[in-house]
Amino acid sequence: MPESCCVYKCTNKRVPHGTLKFYAIPVVRNERFGSQEVEISQRRRDKWVANLRRTADDGSHSTSTWIPTKHHKVCSVHFIKGEPAKMYDVNNPDWAPTQKMGHDGAEVRGVDGTRYDRLQVRKRKIQVNEAASALLQMQRNPPPMPKPGIECQTDTTGIQLDELNAKYNSLLSENDELKRHIAQQDEELASLRLTEDSLKADEIKLTFFTGIHEWVSFAALLSLIRTQLPDTGHCKLNPFQQFLLCLMKLRLNLGNQDLAYRFNLSVSSVSRIFHRVLDVLFVSLSPLIHWPTRKALRESMPTAFRRFFYKCAIIIDCTEIFIEQPSDLLARAQTWSSYKHHNTVKFLLGITPQGTVSFISPAWGGRASDKIITESGELINKLEPGDCVIADRGFTIDEYCRLAMSEVKIPPFTRGKKQLDKVDVDWSRELSIVRIHVERVIGAVKQKFTILEGTLPIALVGNFGDSNCTMDKLFTVCCALYNTCPSVVPLD
(Lines give C-alpha, C1' and ligand atoms only; values in the text may rest on other atoms or scores of the structure.)
Protein backbone atom coordinates (compact mmCIF):
# COMPACT_ATOMS: atom_id res chain seq x y z
CA MET A 1 0.00 0.00 0.00
CA PRO A 2 1.53 3.40 -0.97
CA GLU A 3 2.39 5.89 1.73
CA SER A 4 0.02 8.82 2.17
CA CYS A 5 0.14 12.06 4.13
CA CYS A 6 -1.63 12.00 7.52
CA VAL A 7 -2.45 15.75 7.52
CA TYR A 8 -6.17 16.51 7.58
CA LYS A 9 -7.65 16.86 4.04
CA CYS A 10 -4.23 16.20 2.40
CA THR A 11 -4.51 13.59 -0.36
CA ASN A 12 -0.85 13.38 -1.36
CA LYS A 13 0.56 9.88 -1.83
CA ARG A 14 4.00 8.55 -2.64
CA VAL A 15 4.30 7.71 -6.34
CA PRO A 16 7.27 6.30 -8.26
CA HIS A 17 9.64 9.03 -9.48
CA GLY A 18 7.55 11.66 -7.68
CA THR A 19 8.92 14.94 -6.34
CA LEU A 20 7.16 14.82 -2.96
CA LYS A 21 9.01 13.59 0.12
CA PHE A 22 7.43 12.04 3.20
CA TYR A 23 8.76 12.37 6.75
CA ALA A 24 7.89 10.28 9.78
CA ILE A 25 6.63 11.89 12.99
CA PRO A 26 9.59 12.29 15.37
CA VAL A 27 10.00 9.75 18.14
CA VAL A 28 11.16 10.38 21.68
CA ARG A 29 14.87 9.67 22.11
CA ASN A 30 16.08 7.02 24.50
CA GLU A 31 17.55 8.01 27.87
CA ARG A 32 21.00 6.84 26.81
CA PHE A 33 21.22 9.94 24.59
CA GLY A 34 20.94 12.20 27.63
CA SER A 35 18.15 14.00 29.43
CA GLN A 36 18.41 17.10 27.22
CA GLU A 37 17.80 15.16 24.01
CA VAL A 38 14.92 13.29 25.64
CA GLU A 39 13.30 16.58 26.61
CA ILE A 40 13.79 18.24 23.22
CA SER A 41 12.59 15.20 21.29
CA GLN A 42 9.48 14.97 23.52
CA ARG A 43 8.71 18.68 22.97
CA ARG A 44 9.15 18.28 19.22
CA ARG A 45 6.86 15.24 19.00
CA ASP A 46 4.22 17.05 21.08
CA LYS A 47 4.53 20.06 18.77
CA TRP A 48 4.00 17.90 15.67
CA VAL A 49 0.96 16.18 17.18
CA ALA A 50 -0.51 19.51 18.30
CA ASN A 51 -0.06 21.07 14.84
CA LEU A 52 -1.61 18.05 13.12
CA ARG A 53 -4.74 18.32 15.32
CA ARG A 54 -5.83 14.82 14.38
CA THR A 55 -8.82 13.17 16.08
CA ALA A 56 -8.79 9.70 17.57
CA ASP A 57 -9.51 6.73 15.35
CA ASP A 58 -12.41 5.61 17.59
CA GLY A 59 -14.64 8.49 16.47
CA SER A 60 -14.10 10.85 19.42
CA HIS A 61 -13.00 14.41 18.65
CA SER A 62 -10.28 14.57 21.31
CA THR A 63 -6.77 15.23 19.95
CA SER A 64 -5.18 14.00 23.16
CA THR A 65 -6.20 10.40 22.49
CA TRP A 66 -4.68 10.23 18.95
CA ILE A 67 -1.41 8.31 19.06
CA PRO A 68 0.70 8.44 15.87
CA THR A 69 2.59 5.34 14.72
CA LYS A 70 5.65 4.82 12.56
CA HIS A 71 3.37 4.51 9.53
CA HIS A 72 2.06 8.08 9.81
CA LYS A 73 3.91 10.40 7.44
CA VAL A 74 3.82 14.12 6.66
CA CYS A 75 4.61 15.25 3.11
CA SER A 76 6.98 18.08 2.19
CA VAL A 77 4.08 20.41 1.23
CA HIS A 78 3.51 21.27 4.89
CA PHE A 79 6.99 22.75 5.45
CA ILE A 80 8.17 26.19 4.37
CA LYS A 81 11.41 24.87 2.87
CA GLY A 82 10.06 21.46 1.91
CA GLU A 83 11.71 19.52 4.75
CA PRO A 84 11.79 19.54 8.58
CA ALA A 85 14.57 21.34 10.43
CA LYS A 86 17.17 19.71 12.66
CA MET A 87 16.12 18.69 16.17
CA TYR A 88 18.21 21.35 17.97
CA ASP A 89 17.10 24.17 15.63
CA VAL A 90 14.13 24.97 17.90
CA ASN A 91 13.52 28.49 16.53
CA ASN A 92 13.28 27.29 12.93
CA PRO A 93 9.70 27.57 11.58
CA ASP A 94 10.12 24.10 10.03
CA TRP A 95 10.79 22.52 13.43
CA ALA A 96 7.21 21.24 13.06
CA PRO A 97 4.78 21.30 10.10
CA THR A 98 2.89 24.61 9.82
CA GLN A 99 1.73 24.95 6.21
CA LYS A 100 -1.63 23.90 4.73
CA MET A 101 -2.68 21.91 7.76
CA GLY A 102 -6.22 21.45 6.44
CA HIS A 103 -8.25 22.95 9.30
CA ASP A 104 -10.69 25.79 8.80
CA GLY A 105 -9.38 29.22 9.67
CA ALA A 106 -5.78 30.34 9.79
CA GLU A 107 -2.63 28.25 9.45
CA VAL A 108 -0.94 26.89 12.53
CA ARG A 109 0.74 29.79 14.20
CA GLY A 110 4.49 29.41 14.32
CA VAL A 111 7.64 31.37 13.83
CA ASP A 112 7.55 33.41 10.65
CA GLY A 113 10.03 32.20 8.04
CA THR A 114 11.15 35.71 7.04
CA ARG A 115 11.67 36.66 10.64
CA TYR A 116 13.75 33.54 11.22
CA ASP A 117 15.97 34.35 8.22
CA ARG A 118 16.53 37.89 9.54
CA LEU A 119 17.46 36.43 12.92
CA GLN A 120 20.05 34.16 11.33
CA VAL A 121 21.55 37.07 9.37
CA ARG A 122 21.88 39.13 12.57
CA LYS A 123 23.57 36.22 14.34
CA ARG A 124 26.11 35.85 11.55
CA LYS A 125 26.86 39.59 11.58
CA ILE A 126 27.41 39.47 15.33
CA GLN A 127 29.80 36.54 14.98
CA VAL A 128 31.76 38.29 12.21
CA ASN A 129 32.01 41.48 14.26
CA GLU A 130 33.21 39.61 17.32
CA ALA A 131 35.85 37.78 15.31
CA ALA A 132 37.03 41.02 13.68
CA SER A 133 37.23 42.77 17.06
CA ALA A 134 39.26 39.91 18.53
CA LEU A 135 41.65 39.99 15.56
CA LEU A 136 42.15 43.78 15.87
CA GLN A 137 42.77 43.40 19.59
CA MET A 138 45.46 40.79 18.96
CA GLN A 139 47.13 43.02 16.35
CA ARG A 140 47.20 46.01 18.69
CA ASN A 141 48.42 44.05 21.72
CA PRO A 142 50.32 41.00 20.46
CA PRO A 143 51.20 38.44 23.14
CA PRO A 144 54.89 38.59 24.19
CA MET A 145 57.09 35.85 22.77
CA PRO A 146 59.10 34.01 25.43
CA LYS A 147 62.88 34.09 25.17
CA PRO A 148 64.71 30.79 24.77
CA GLY A 149 65.60 29.26 28.09
CA ILE A 150 63.40 31.70 30.08
CA GLU A 151 60.13 30.56 31.52
CA CYS A 152 57.09 32.65 30.72
CA GLN A 153 53.86 33.15 32.62
CA THR A 154 52.24 30.29 30.71
CA ASP A 155 52.75 26.61 31.40
CA THR A 156 55.05 26.24 28.35
CA THR A 157 58.75 26.85 29.00
CA GLY A 158 61.48 27.83 26.56
CA ILE A 159 62.94 24.33 26.63
CA GLN A 160 59.58 22.90 25.66
CA LEU A 161 59.34 25.41 22.81
CA ASP A 162 62.74 24.30 21.56
CA GLU A 163 61.53 20.71 21.63
CA LEU A 164 58.38 21.70 19.75
CA ASN A 165 60.44 23.55 17.13
CA ALA A 166 62.70 20.53 16.69
CA LYS A 167 59.68 18.26 16.31
CA TYR A 168 58.14 20.74 13.85
CA ASN A 169 61.30 20.76 11.73
CA SER A 170 61.42 16.97 11.85
CA LEU A 171 57.84 16.78 10.62
CA LEU A 172 58.63 19.23 7.81
CA SER A 173 61.57 17.14 6.61
CA GLU A 174 59.46 13.99 6.86
CA ASN A 175 56.71 15.67 4.85
CA ASP A 176 59.20 16.66 2.13
CA GLU A 177 60.51 13.11 2.01
CA LEU A 178 56.99 11.74 1.66
CA LYS A 179 56.26 14.20 -1.15
CA ARG A 180 59.38 13.06 -3.02
CA HIS A 181 58.40 9.44 -2.47
CA ILE A 182 54.88 10.06 -3.74
CA ALA A 183 56.22 11.85 -6.82
CA GLN A 184 58.54 8.92 -7.51
CA GLN A 185 55.67 6.47 -7.12
CA ASP A 186 53.53 8.55 -9.48
CA GLU A 187 56.28 8.43 -12.11
CA GLU A 188 56.64 4.66 -11.75
CA LEU A 189 52.86 4.23 -11.93
CA ALA A 190 52.67 6.42 -15.04
CA SER A 191 55.32 4.28 -16.72
CA LEU A 192 53.24 1.16 -15.99
CA ARG A 193 50.04 2.61 -17.45
CA LEU A 194 49.30 1.78 -21.07
CA THR A 195 48.64 5.25 -22.42
CA GLU A 196 49.31 6.76 -25.82
CA ASP A 197 52.28 8.71 -24.48
CA SER A 198 53.86 5.67 -22.79
CA LEU A 199 53.56 3.51 -25.91
CA LYS A 200 54.79 6.31 -28.13
CA ALA A 201 57.87 6.80 -25.95
CA ASP A 202 58.75 3.07 -25.74
CA GLU A 203 58.49 1.09 -28.98
CA ILE A 204 59.66 -2.09 -27.22
CA LYS A 205 56.58 -1.88 -25.01
CA LEU A 206 54.46 -1.11 -28.10
CA THR A 207 55.75 -4.21 -29.87
CA PHE A 208 55.26 -6.42 -26.83
CA PHE A 209 51.63 -5.46 -26.21
CA THR A 210 50.41 -4.93 -29.80
CA GLY A 211 52.81 -6.70 -32.18
CA ILE A 212 53.23 -3.48 -34.19
CA HIS A 213 56.85 -2.33 -34.44
CA GLU A 214 56.48 1.41 -35.00
CA TRP A 215 54.28 4.06 -33.44
CA VAL A 216 53.68 5.59 -36.89
CA SER A 217 52.00 2.38 -38.04
CA PHE A 218 49.97 2.12 -34.84
CA ALA A 219 48.81 5.75 -35.12
CA ALA A 220 47.87 5.28 -38.79
CA LEU A 221 45.77 2.21 -38.00
CA LEU A 222 44.11 4.00 -35.08
CA SER A 223 43.22 7.02 -37.23
CA LEU A 224 41.78 4.64 -39.83
CA ILE A 225 39.27 3.08 -37.43
CA ARG A 226 38.82 5.84 -34.82
CA THR A 227 35.67 7.28 -36.40
CA GLN A 228 34.04 3.83 -36.53
CA LEU A 229 34.40 3.17 -32.79
CA PRO A 230 32.14 4.71 -30.13
CA ASP A 231 33.81 7.48 -28.14
CA THR A 232 31.01 8.28 -25.69
CA GLY A 233 27.83 6.75 -24.37
CA HIS A 234 27.63 3.27 -22.90
CA CYS A 235 31.29 2.41 -23.64
CA LYS A 236 33.71 3.33 -20.84
CA LEU A 237 36.80 3.11 -23.10
CA ASN A 238 37.91 5.61 -25.72
CA PRO A 239 38.84 4.40 -29.25
CA PHE A 240 42.54 4.08 -28.34
CA GLN A 241 41.76 1.84 -25.36
CA GLN A 242 39.32 -0.28 -27.40
CA PHE A 243 41.91 -0.77 -30.15
CA LEU A 244 44.58 -1.59 -27.56
CA LEU A 245 42.30 -4.14 -25.84
CA CYS A 246 41.69 -5.97 -29.13
CA LEU A 247 45.40 -6.01 -30.06
CA MET A 248 46.42 -7.24 -26.59
CA LYS A 249 44.02 -10.17 -26.89
CA LEU A 250 45.34 -11.03 -30.35
CA ARG A 251 48.98 -10.51 -29.41
CA LEU A 252 49.14 -12.06 -25.91
CA ASN A 253 46.07 -14.34 -25.98
CA LEU A 254 44.84 -12.83 -22.71
CA GLY A 255 41.62 -14.13 -21.23
CA ASN A 256 38.54 -11.93 -20.96
CA GLN A 257 38.78 -11.95 -17.15
CA ASP A 258 42.40 -10.72 -17.33
CA LEU A 259 41.45 -7.89 -19.68
CA ALA A 260 38.47 -7.05 -17.48
CA TYR A 261 40.82 -6.48 -14.52
CA ARG A 262 43.30 -4.47 -16.64
CA PHE A 263 40.68 -2.13 -18.12
CA ASN A 264 38.26 -2.08 -15.16
CA LEU A 265 35.40 -3.63 -17.13
CA SER A 266 33.05 -6.56 -16.84
CA VAL A 267 33.80 -9.77 -18.72
CA SER A 268 30.78 -9.29 -20.99
CA SER A 269 31.93 -5.75 -21.87
CA VAL A 270 35.39 -7.07 -22.82
CA SER A 271 33.86 -9.67 -25.14
CA ARG A 272 31.53 -7.11 -26.70
CA ILE A 273 34.32 -4.57 -27.29
CA PHE A 274 36.66 -7.21 -28.74
CA HIS A 275 34.11 -8.43 -31.29
CA ARG A 276 33.13 -4.87 -32.24
CA VAL A 277 36.74 -3.81 -32.85
CA LEU A 278 37.45 -7.09 -34.68
CA ASP A 279 34.56 -6.39 -37.07
CA VAL A 280 35.85 -2.87 -37.73
CA LEU A 281 39.41 -4.11 -38.30
CA PHE A 282 38.19 -6.85 -40.65
CA VAL A 283 36.36 -4.34 -42.85
CA SER A 284 39.16 -1.75 -42.74
CA LEU A 285 42.21 -4.03 -43.12
CA SER A 286 40.91 -6.64 -45.60
CA PRO A 287 42.31 -4.58 -48.54
CA LEU A 288 45.81 -5.20 -47.12
CA ILE A 289 45.43 -8.86 -48.22
CA HIS A 290 46.12 -7.85 -51.82
CA TRP A 291 47.06 -9.89 -54.90
CA PRO A 292 49.67 -7.73 -56.66
CA THR A 293 50.02 -7.36 -60.39
CA ARG A 294 52.60 -9.32 -62.34
CA LYS A 295 54.54 -6.13 -63.11
CA ALA A 296 54.76 -5.17 -59.43
CA LEU A 297 55.92 -8.68 -58.51
CA ARG A 298 58.71 -8.84 -61.07
CA GLU A 299 60.00 -5.33 -60.41
CA SER A 300 60.74 -6.22 -56.77
CA MET A 301 61.47 -9.94 -57.12
CA PRO A 302 63.99 -11.15 -54.48
CA THR A 303 67.32 -12.44 -55.68
CA ALA A 304 66.62 -16.04 -54.58
CA PHE A 305 63.71 -16.25 -57.08
CA ARG A 306 65.28 -14.61 -60.10
CA ARG A 307 67.14 -17.64 -61.45
CA PHE A 308 64.59 -20.49 -61.41
CA PHE A 309 61.31 -18.94 -60.19
CA TYR A 310 61.08 -15.59 -61.93
CA LYS A 311 57.45 -16.32 -62.92
CA CYS A 312 56.40 -17.18 -59.35
CA ALA A 313 53.14 -15.46 -58.40
CA ILE A 314 52.39 -17.13 -55.08
CA ILE A 315 53.73 -19.67 -52.58
CA ILE A 316 50.96 -21.63 -50.85
CA ASP A 317 50.65 -23.83 -47.79
CA CYS A 318 47.97 -24.78 -45.28
CA THR A 319 48.03 -24.05 -41.57
CA GLU A 320 45.91 -25.44 -38.74
CA ILE A 321 44.72 -23.75 -35.55
CA PHE A 322 43.61 -25.72 -32.51
CA ILE A 323 40.03 -25.32 -31.30
CA GLU A 324 38.00 -26.79 -28.45
CA GLN A 325 36.15 -30.01 -29.13
CA PRO A 326 32.67 -29.22 -30.50
CA SER A 327 29.68 -30.76 -28.77
CA ASP A 328 28.00 -31.54 -32.11
CA LEU A 329 29.16 -34.92 -33.43
CA LEU A 330 29.18 -33.87 -37.09
CA ALA A 331 31.24 -30.75 -36.33
CA ARG A 332 33.56 -32.85 -34.19
CA ALA A 333 34.18 -35.20 -37.10
CA GLN A 334 34.64 -32.37 -39.62
CA THR A 335 37.23 -30.58 -37.48
CA TRP A 336 39.27 -33.63 -36.43
CA SER A 337 42.78 -33.54 -37.89
CA SER A 338 44.51 -36.91 -38.20
CA TYR A 339 47.80 -35.03 -38.73
CA LYS A 340 47.57 -32.91 -35.55
CA HIS A 341 45.47 -35.45 -33.59
CA HIS A 342 43.26 -32.59 -32.43
CA ASN A 343 40.20 -30.63 -33.52
CA THR A 344 41.48 -27.85 -35.75
CA VAL A 345 40.47 -25.13 -38.18
CA LYS A 346 42.38 -25.09 -41.46
CA PHE A 347 43.32 -22.20 -43.77
CA LEU A 348 45.02 -22.06 -47.14
CA LEU A 349 47.49 -19.18 -47.06
CA GLY A 350 49.48 -17.75 -49.94
CA ILE A 351 52.36 -15.28 -49.90
CA THR A 352 54.15 -13.32 -52.57
CA PRO A 353 57.87 -13.89 -53.22
CA GLN A 354 58.43 -10.67 -51.24
CA GLY A 355 56.91 -12.28 -48.11
CA THR A 356 53.54 -10.52 -47.80
CA VAL A 357 50.28 -12.42 -47.36
CA SER A 358 48.31 -12.12 -50.60
CA PHE A 359 45.66 -14.84 -50.31
CA ILE A 360 43.63 -16.41 -47.48
CA SER A 361 40.95 -19.03 -48.01
CA PRO A 362 37.82 -19.31 -45.87
CA ALA A 363 38.06 -21.50 -42.76
CA TRP A 364 37.76 -25.25 -43.22
CA GLY A 365 37.56 -28.14 -40.79
CA GLY A 366 40.80 -29.93 -40.04
CA ARG A 367 39.59 -33.04 -41.85
CA ALA A 368 39.71 -31.33 -45.28
CA SER A 369 42.77 -32.10 -47.41
CA ASP A 370 45.07 -29.48 -48.90
CA LYS A 371 43.94 -30.43 -52.42
CA ILE A 372 40.22 -30.06 -51.62
CA ILE A 373 40.72 -26.62 -50.07
CA THR A 374 42.78 -25.43 -53.06
CA GLU A 375 40.31 -26.73 -55.62
CA SER A 376 37.30 -25.21 -53.83
CA GLY A 377 38.80 -21.78 -53.30
CA GLU A 378 39.33 -18.76 -55.51
CA LEU A 379 43.06 -19.30 -55.88
CA ILE A 380 42.82 -20.81 -59.37
CA ASN A 381 40.65 -17.91 -60.60
CA LYS A 382 43.30 -15.38 -59.56
CA LEU A 383 46.08 -16.98 -61.60
CA GLU A 384 47.08 -15.44 -64.93
CA PRO A 385 48.51 -17.31 -67.93
CA GLY A 386 52.18 -18.04 -67.36
CA ASP A 387 52.05 -17.74 -63.56
CA CYS A 388 53.91 -20.20 -61.36
CA VAL A 389 52.62 -21.60 -58.05
CA ILE A 390 55.09 -23.07 -55.54
CA ALA A 391 53.67 -25.63 -53.11
CA ASP A 392 54.42 -28.76 -51.08
CA ARG A 393 53.92 -32.36 -52.23
CA GLY A 394 50.34 -32.53 -51.01
CA PHE A 395 49.13 -29.95 -53.53
CA THR A 396 48.57 -32.15 -56.60
CA ILE A 397 46.64 -29.52 -58.51
CA ASP A 398 48.37 -29.74 -61.92
CA GLU A 399 45.14 -30.21 -63.88
CA TYR A 400 43.48 -27.17 -62.31
CA CYS A 401 46.51 -24.95 -62.92
CA ARG A 402 46.64 -26.03 -66.55
CA LEU A 403 43.07 -24.80 -66.97
CA ALA A 404 44.35 -21.36 -65.99
CA MET A 405 47.39 -21.84 -68.30
CA SER A 406 49.72 -21.73 -65.33
CA GLU A 407 51.91 -24.31 -63.59
CA VAL A 408 52.55 -25.62 -60.10
CA LYS A 409 56.02 -26.55 -58.87
CA ILE A 410 56.21 -29.16 -56.10
CA PRO A 411 59.05 -31.41 -54.91
CA PRO A 412 59.39 -34.63 -56.97
CA PHE A 413 58.04 -37.98 -55.72
CA THR A 414 60.05 -41.20 -55.54
CA ARG A 415 57.16 -43.33 -56.88
CA GLY A 416 58.85 -46.71 -57.05
CA LYS A 417 62.38 -45.34 -56.98
CA LYS A 418 64.69 -46.27 -54.15
CA GLN A 419 66.03 -42.74 -54.12
CA LEU A 420 65.81 -39.56 -56.14
CA ASP A 421 68.10 -38.80 -59.04
CA LYS A 422 70.77 -36.17 -58.64
CA VAL A 423 68.79 -33.78 -60.83
CA ASP A 424 65.69 -34.28 -58.68
CA VAL A 425 67.69 -33.78 -55.50
CA ASP A 426 69.16 -30.52 -56.79
CA TRP A 427 65.71 -29.39 -57.91
CA SER A 428 64.20 -30.22 -54.52
CA ARG A 429 66.94 -28.25 -52.80
CA GLU A 430 66.36 -25.18 -54.96
CA LEU A 431 62.61 -25.46 -54.45
CA SER A 432 62.87 -25.85 -50.67
CA ILE A 433 65.02 -22.70 -50.43
CA VAL A 434 62.12 -20.56 -51.69
CA ARG A 435 59.20 -22.67 -50.43
CA ILE A 436 60.41 -22.38 -46.84
CA HIS A 437 59.42 -18.70 -46.85
CA VAL A 438 55.70 -19.50 -46.59
CA GLU A 439 56.37 -21.60 -43.48
CA ARG A 440 58.44 -18.76 -42.03
CA VAL A 441 55.59 -16.32 -42.65
CA ILE A 442 53.03 -18.65 -41.05
CA GLY A 443 55.31 -19.09 -38.05
CA ALA A 444 55.87 -15.33 -37.80
CA VAL A 445 52.12 -14.63 -37.88
CA LYS A 446 51.47 -17.16 -35.10
CA GLN A 447 54.40 -15.94 -32.99
CA LYS A 448 53.35 -12.32 -33.40
CA PHE A 449 49.69 -13.02 -32.53
CA THR A 450 49.79 -15.86 -30.02
CA ILE A 451 46.01 -16.25 -29.98
CA LEU A 452 46.60 -18.46 -33.05
CA GLU A 453 48.94 -20.73 -31.08
CA GLY A 454 46.48 -21.50 -28.30
CA THR A 455 43.29 -23.54 -28.31
CA LEU A 456 40.47 -21.25 -29.38
CA PRO A 457 37.04 -21.53 -27.73
CA ILE A 458 34.09 -22.52 -29.86
CA ALA A 459 32.61 -19.02 -29.44
CA LEU A 460 35.46 -17.60 -31.55
CA VAL A 461 35.10 -20.17 -34.31
CA GLY A 462 31.54 -19.60 -35.54
CA ASN A 463 29.94 -21.52 -38.39
CA PHE A 464 32.12 -22.48 -41.36
CA GLY A 465 30.92 -21.06 -44.65
CA ASP A 466 29.17 -18.04 -43.11
CA SER A 467 30.25 -14.64 -44.38
CA ASN A 468 30.44 -13.45 -40.77
CA CYS A 469 32.48 -16.35 -39.43
CA THR A 470 34.48 -15.01 -36.50
CA MET A 471 37.42 -17.31 -37.27
CA ASP A 472 37.75 -15.85 -40.79
CA LYS A 473 37.78 -12.33 -39.38
CA LEU A 474 40.32 -13.17 -36.70
CA PHE A 475 42.83 -14.87 -39.04
CA THR A 476 42.41 -12.20 -41.73
CA VAL A 477 43.03 -9.38 -39.24
CA CYS A 478 46.16 -11.10 -37.90
CA CYS A 479 47.57 -11.56 -41.40
CA ALA A 480 46.69 -7.99 -42.39
CA LEU A 481 48.44 -6.64 -39.29
CA TYR A 482 51.45 -8.81 -40.13
CA ASN A 483 51.60 -7.15 -43.56
CA THR A 484 52.17 -3.79 -41.83
CA CYS A 485 55.40 -5.15 -40.28
CA PRO A 486 58.78 -5.77 -41.96
CA SER A 487 58.91 -8.92 -44.08
CA VAL A 488 60.85 -12.01 -43.01
CA VAL A 489 61.95 -12.64 -46.63
CA PRO A 490 65.26 -10.94 -47.56
CA LEU A 491 65.14 -9.03 -50.82
CA ASP A 492 68.86 -9.43 -51.53
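This text follows the structure it describes.
Residues numbered from 1 in each chain as written. Predicted model: local features only at pLDDT ≥ 70, side-chain atom pairs only at ≥ 80, totals over all residues. Heavy atoms only, no water.

**Observations regarding the pattern of salt bridges**
Close approach of charged atoms allows side chains of opposite charge to pair. The test is simple: One speaks of a salt bridge when a side-chain nitrogen belonging to Lys or Arg is within 4 Å of a carboxyl oxygen belonging to Asp or Glu. Under the scheme applied here, a residue whose accessible area is under 20% of the maximum for its type counts as buried, over 50% as exposed, and between as partly exposed, the area being computed with a 1.4 Å probe on protein chains only.
Throughout the structure, instances matching the rule amount to 13 salt bridges. The closest approach of N and O atoms between Glu37 and Arg29, which form a salt bridge, is 2.8 Å. Residue classification places Glu37 among the buried residues on the basis of a relative accessible area of 16%. Look at Arg29 and you get partly exposed, because its relative accessible area is 32%.

**Structural notes on the nonpolar core**
Definition in use: Joining through side-chain atoms within 4.5 Å is the link that ties buried Ala, Val, Leu, Ile, Met, Phe, Trp, Tyr and Cys residues into a set, and such a set is a nonpolar core. Each helix is a run of DSSP H or I of at least 4 residues and each strand a run of E of at least 2, with the numbering of both proceeding from the N terminus. In this description, contact between two residues means that some pair of their heavy atoms is separated by no more than 4.5 Å.
Counting residues in hydrophobic clusters, the biggest one holds 73 residues, and the most contacted among them are Leu250, Met471 and Leu474. Here this core gets 9 residues from one element, more than from any other, and that element is helix 17 (residues 470-483). Sequence-distant contacts of Met471, defined by excluding residues within four places in its chain, comprise Ile321, Val345, Phe347, Ala363, Leu452, Leu456, Leu460 and Val461. Within the second largest apolar cluster, 21 residues are counted, among which are Ala368, Ile373, Ala391 and Phe395.

**Considering the environment of Phe263**
Considering the arrangement of structural elements, one finds Phe263 in helix 8 (residues 256-263). Taking the C-alpha atoms as reference, Phe263 lies 9.3 Å from Lys236; in sequence the two are 27 residues apart. Leave out the neighbours within four places in its chain, and Phe263 touches Leu237, Gln241, Leu244, Leu245 and Met248.

**Topic: the pairing of strand 5 (residues 342-351)**
Cut-off, in case you're wondering: Any two strands are treated as partners once DSSP identifies two or more bridges connecting them.
Counting buried residues along strand 5, 9 of its 10 residues qualify, which places the element largely inside the surrounding structure. The antiparallel hairpin formed by strand 4 (residues 336-337) and strand 5 contains 4 residues in its connecting segment, where His341 sits at a positive phi of about 55°. In terms of strand pairing, strand 5 meets strand 7 (residues 364-365) through 2 bridges, oriented antiparallel. Of the residues in strand 7, the one forming a bridge with Val345 is Gly365.

**As for the packing of helix 7 (residues 239-252) against helix 9 (residues 267-285)**
What counts is decided by this rule: Note on definitions: angles span 0 to 180 degrees between N-to-C directions of axes, and those axes are lines fitted to C-alpha atoms, for helices only across the stretch in contact. Roughly parallel here means an angle under 35 degrees, roughly antiparallel means over 145, roughly perpendicular means 65 to 115, and every remaining angle is called oblique. For this classification, the nonpolar set comprises Ala, Val, Leu, Ile, Met, Phe, Trp, Tyr, Cys and Pro, the charged set comprises Asp, Glu, Lys and Arg, and every other residue, Gly included, is treated as polar.
One can describe the packing of helix 7 onto helix 9 by two numbers: an axis separation of 9 Å at closest approach and a directional angle of 90°. Our classification of the angle between helix 7 and helix 9 gives roughly perpendicular. Together, Gln242, Phe243, Leu245, Cys246, Lys249 and Leu250 of helix 7 and Val270, Ile273, Phe274, Arg276, Val277, Leu278 and Leu281 of helix 9 make up the contact between the two elements. Grouping the amino acids of the contact of helix 7 with helix 9 by side-chain chemistry returns 10 nonpolar, 1 polar and 2 charged.

**What about the environment of Leu431?**
Checked against the element boundaries, Leu431 lands in helix 16 (residues 422-448). Look at Leu431 and you get buried, because its relative accessible area is 0%. Each C-alpha atom, one on Leu431 and one on Ala391, is 9.0 Å from the other, the two residues being 40 residues apart in sequence. Here Leu431 is in contact with Phe309, Ile390, Lys409, Ile410 and Pro411, once residues within four sequence places are set aside.

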